[in-house]
Amino acid sequence: MRTSILLTAALLAVAAPVAADVLCQNTRHPKGIVLRVTCKANETDVVSRVVSLLGPGPKGDPGPKGDKGDPGPFPMTLPSGETLTGLYRDDNYVNNGTGESAVVVSPGIGFTYPLATAPTPNVVPIGGPPTAACPGSASNPQATPGNLCLYAAQGSTPTCLYEPVGNSCGVVSRFGFSVYPTSTPSGSEGTWAVTAP
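Student: Teacher, can you tell me more about the sheet that holds strand β2 (residues 33-36) here?
Tutor: Within a sheet, adjacent strands bond to each other through the backbone by hydrogen bonds, running parallel or antiparallel. Read across the sheet, 3 strands follow the order β2-β1-β3 without closing on themselves; strand pairing throughout is antiparallel. The sheet terminates laterally at β2 and β3 (43-45), the two strands that pair on one side only. Going across the sheet, the axis of each strand differs from the next one's by a mean of 35°, ignoring polarity.

This is how it looks when you write it as structure tokens:
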């Protein structure tokens, strides 16, 4: 009898009008099944019981792909506390055959994102110990907020970090810096790190 009731409920659920939500069975009179929007306090939802016995249905088809989201904001300046790192190289050659006493090769280095204010330049010599401003090394360049740290790794240790607008040693730009060798001949390679204030 129980199986008959459940099968009957299942058939009624399939043929039920769209407006009806559930098939309800009176707990005092189990043979009575009615179609309601919601079951009363003394009734149980027969369809839910049948579905629970049948188990989950087949997996549905995936839905349509959503629209592409808007691009994220492009930062105007490097966020405070964030760090940029990179490599540097400079060379100073004597007598290039054109009458000049020396030729300096020192590509300017631009920060991927400009800083809000210019950082304080620092130079760590080859094998030099970490400092409060520059706690890293040539193999792991680091800088505390507001500092630019140059870590010499090969050649000589640069003594002049500058920015080309003012062209003054010891002053760099919030957009980047250049390295100038002060001895001839000389060359230097290494890493750098800058952290936004």
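Student: I tried to follow the packing of aromatic side chains on my own but got confused; where do I start?
Tutor: The way to describe two aromatic rings as a pair is by their centre distance and the angle between their planes. Applying the stated criterion to the full structure yields 3 aromatic pairs. Between F111 and W192, the ring centres sit 5.7 Å apart and the planes meet at 50°, which makes this aromatic pair tilted. Of the two residues, F111 is situated in the loop between β6 (109-110) and β7 (120-124) and W192 in strand β11 (residues 186-195); the sequence distance between them amounts to 81 residues. Each of the two residues, F111 as well as W192, counts as buried. Here W192 falls in the buried class, since its relative accessible area comes to 4%. Three or more aromatic residues joined by ring pairs form one cluster here, namely F111, F177 and W192.

Definitions and cut-offs
- Residues numbered from 1 in each chain as written.
- Predicted model: local features only at pLDDT ≥ 70, side-chain atom pairs only at ≥ 80, totals over all residues.
- Heavy atoms only, no water.
- Pairing = 2+ DSSP bridges.
- Helix = DSSP H or I, 4+ residues; strand = E, 2+ residues; numbered from the N terminus.
- Axes fitted to C-alpha atoms, helices over the stretch in contact; angles between N-to-C directions.
- Phe/Tyr/Trp six-rings, centres within 6.5 Å; stacked < 30°, edge-to-face > 60°.
- Buried < 20%, exposed > 50% of the residue type's maximum accessible area, 1.4 Å probe, protein only.

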